[in-house]
Amino acid sequence: MYELKTLLPQFDIKLPTCMYTLKNVSLAADSTAGSSSTSSCRQTSSIKSSGSESSRSNTNARNSATCALDLDTLGRQIQHLLKDDTAMVAARQEKVLKQLKELKAQLGQIRAGLGVCGKTYQHTTAFQNGGLKEVPLQDVVINGHPNFIPYALLALKNAWRDLYTIDVKTFTHSTVADIGPAAREFEANLAKVPVSPALPNINVTLIWKNCEHTEMISSPTMYVPIYGEVNLIRYLGRVGPAAYRYEGSPLCNEIDLVLDICYQLLRCNTHKTQVAMVRLLDKRLQEQKYFGGSQMSVADIGVYSSLIRMPAVTDKDLPPALLAWKKRAKLVVQI
């Protein structure tokens, strides 16, 4: 046959040292086979020199016996090598397991020294809320004008009495000389709602300030305000109890639409436009018990707070269904 050129260049391959090596069983077998073939060749040469039939038959018998002995020896050698390799692997495994146990003990000591909880990770209610990551809440600062009282804070505090705690502290800015009787009554009603240390809570600082819109600052490191009481309700609804987190609800878009109507209602300048927005709310309510279905939601909080801030809209302007809803909601928000 013709000779082929070498495709791969001749160079030394550096084997990795991070893994253990196994003994080459095939080399031992080849050497054993080589010795047996050598002995066979010697036996063959002796056969040729003798030239007798009897000696040839005796030689064949000896060759068969020798081959059988060689196969038995090879089998025993392979079993011995495999046994040694298995024992070596088992010893390495025991050593690794011992090191992992020592590492776990060291991590436990470090965790105990840092005061970290030793419980394993568990899914919280935030995991079910659209996959939102749950992080510690920062204190919230709200700037509000005494003429535009954010009644939603009081409504949420009463509605979440047994679920969540909103700890509200009020201050007066230098731009406001007197907050007025309505704001003082609002502060007194906030103080009447007890604060339970056993419930999850969020700290809210309400500052009476001469500002055009109600604004909320949720980040202490950068001033990024959230304008409007409706958006304040949306924010608290997302961080509040799971029963009021509506993003995973089938009525998510409906609740957002109701809150948008409340935003427009608060900016109506005439009584005619206010009544028109109230009729839109009545259409959204239809025959439901609440705007969120059979249970109270943040949409009901927004509508109730908006109606309180609209003294020109009286019960006579409310359709029968909306008036019945207002009586039911009043039992929850207690305003």
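Here, every reference points to the structure presented above.
Residues numbered from 1 in each chain as written. Predicted model: local features only at pLDDT ≥ 70, side-chain atom pairs only at ≥ 80, totals over all residues. Heavy atoms only, no water.

1. Notes on the overall build of the chain
Item 1. Looking only at helices and strands, one finds nine helices and five strands in the chain.
Item 2. Reading the chain from its N end, one meets helices and strands in the order α-α-β-α-β-α-β-β-β-α-α-α-α-α.
Item 3. Per-residue burial for the chain yields a buried fraction of 32% across its 335 residues.
Item 4. Residue pairs in contact within the chain that sit at least 24 positions apart in sequence constitute 75% of those at least 6 positions apart.
Item 5. Taken as a whole, the chain presents about 22300 Å² of accessible surface, with 57% of it coming from carbon and sulfur. (Helix = DSSP H or I, 4+ residues; strand = E, 2+ residues; numbered from the N terminus. Buried < 20%, exposed > 50% of the residue type's maximum accessible area, 1.4 Å probe, protein only. Contact = heavy atoms within 4.5 Å. Areas by Shrake-Rupley, 256 points an atom, 1.4 Å probe, with all protein chains shown as cover.)

2. Considerations on empty space enclosed by the protein
Item 1. This structure, assessed with the given rule, holds one cavity of 30 Å³ or more.
Item 2. For the largest cavity, the calculated volume is near 40 Å³.
Item 3. In terms of lining, the largest cavity is formed by Lys-157, Arg-161, Tyr-164, Thr-165, Ile-166, Val-193 and Pro-194.
Item 4. When its residues are assigned to classes, the lining of the largest cavity shows four nonpolar, one polar and two charged. (1 Å grid on protein atoms, 1.4 Å probe; cavity = no way out; pocket = protein on both sides within 12 Å on 5 of 7 lines; lining within 4 Å. Points joined across faces, edges and corners; volume = space filled by probe spheres on them. Nonpolar A, V, L, I, M, F, W, Y, C, P; charged D, E, K, R; others polar.)

3. Looking at the pairing of strand 1 (residues 140-144)
Item 1. Counting buried positions along strand 1 gives four out of five residues, so the element sits mostly inside the fold.
Item 2. In this structure, strand 1 lies alongside strand 3 (residues 201-208), joined through five bridges in parallel fashion. Paired with Val-140 across the strands is Val-204, a residue of strand 3.
Item 3. When strand 1 meets strand 4 (residues 215-217), the two strands line up antiparallel, connected through three bridges. Following the sheet pairing, Val-141 is matched in strand 4 by Ile-217. (Pairing = 2+ DSSP bridges.)

4. Let's talk about the sheet that holds strand 2 (residues 165-172)
Item 1. With mixed pairing, the five strands of this open sheet are ordered in space as 2-3-1-4-5. One side of each edge strand has no neighbouring strand; the edge strands of this open sheet are strand 2 and strand 5 (225-227). On average, each strand axis in the sheet is tilted by 25° relative to the strand beside it, whichever way the strands run.
Item 2. Where helix 4 (residues 180-192) meets the sheet, it contacts strand 2 and strand 3, and its direction lies at approximately 165° from that of strand 3.
Item 3. Across the sheet, helix 5 (residues 229-239) lies against strand 1, strand 3, strand 4 and strand 5, angled at about 165° from strand 3, the strand it touches most. (Axes fitted to C-alpha atoms, helices over the stretch in contact; angles between N-to-C directions.)

5. Let's talk about the layout of surface pockets
Space left empty within the atom packing is revealed by a probe, the size of a water molecule, rolled over the atoms.
Item 1. Empty space within the second largest pocket amounts to approximately 290 Å³.
Item 2. Along the walls of the second largest pocket sit 16 residues, with Asn-147, Phe-148, Glu-212, Leu-266 and Arg-309 positioned nearest its centre.
Item 3. Across the lining of the second largest pocket, the residue classes tally to eight nonpolar, four polar and four charged.

6. Remarks on the side chain of Asn-158
Item 1. Relative to the helices and strands, Asn-158 is located in helix 3 (residues 151-159).
Item 2. By relative accessible area, Asn-158 is classed as buried at 7%.
Item 3. Apart from the residues lying within four places of it in its own chain, the contact partners of Asn-158 are Val-193, Val-332, Val-333, Gln-334 and Ile-335.

7. What to know about the environment of Val-258
Item 1. By secondary structure assignment, the location of Val-258 is in helix 6 (residues 252-265).
Item 2. Given a relative accessible area of 0%, Val-258 falls into the buried group.
Item 3. Along the primary structure Val-258 and Asp-300 are separated by 42 residues, whereas in three dimensions their C-alpha atoms are 8.6 Å apart.
Item 4. In this structure, Val-258 is in contact with Leu-281, Arg-284, Phe-291, Ala-299 and Val-303, ignoring residues within four places of it in sequence.

8. A word on unusual backbone geometry
Item 1. For Gln-286, which is not a glycine, the phi torsion comes out positive at approximately 50°.
Item 2. Inspection of the secondary structure puts Gln-286 in the loop between helix 7 (271-285) and helix 8 (298-308).
Item 3. By relative accessible area, which is 56% here, Gln-286 ends up exposed.

9. Some points on the side chain of Glu-215
Item 1. Following the sequence through the fold, Glu-215 ends up in strand 4.
Item 2. Comment: no salt bridge for buried Glu-215; closest opposite-charge side chain is Lys-209, at 4.6 Å.
Item 3. Residues contacting Glu-215, with those up to four places away along its chain left out, are Val-141, Ile-142, Asn-143, Tyr-223, Pro-225, Ile-226 and Tyr-227. (Lys, Arg positive; Asp, Glu negative; His and termini not counted. Salt bridge = Lys/Arg side-chain N within 4 Å of Asp/Glu carboxyl O.)

10. Regarding a nonpolar patch on the surface
Item 1. On the surface, a cluster of nonpolar side chains totalling about 690 Å² of accessible area is made up of Val-96, Leu-97, Leu-100, Leu-103, Leu-107, Ile-110 and Leu-114.
Item 2. Structurally, Leu-103 is set in helix 2 (residues 53-114).
Item 3. Judged by relative accessible area, Leu-103 falls into the partly exposed class, the value being 43%. (Patch = residues over 30% accessible without salt bridge, like charges linked within 9 Å, V, L, I, M, F, W, Y side chains within 5 Å.)

11. Let's talk about the packing of aromatic side chains
Item 1. The full count for this structure, using the stated rule, is six aromatic pairs.
Item 2. Relative to Phe-186, the ring of Tyr-151 lies with its centre 5.7 Å away and its plane at 85°, an arrangement referred to as edge-to-face. Of this pair, Tyr-151 sits in helix 3 while Phe-186 sits in helix 4, and the two are 35 residues apart along the sequence. In this structure, Tyr-151 and Phe-186 share a single accessibility class: buried.
Item 3. Following the ring pairs from residue to residue traces out a cluster consisting of Tyr-151, Phe-186 and Trp-208.
Item 4. When the ring centre of Tyr-263 is taken as reference, the NZ or CZ atom of Arg-267 above it lies at 4.1 Å.
Item 5. Sitting over the ring of Tyr-290, Arg-328 keeps its end group 6.0 Å from the ring centre. (Phe/Tyr/Trp six-rings, centres within 6.5 Å; stacked < 30°, edge-to-face > 60°. Lys NZ or Arg CZ within 6 Å of the ring centre and 35° of its normal.)

Remember that the coordinates give geometry; whether it matters functionally is a separate question.
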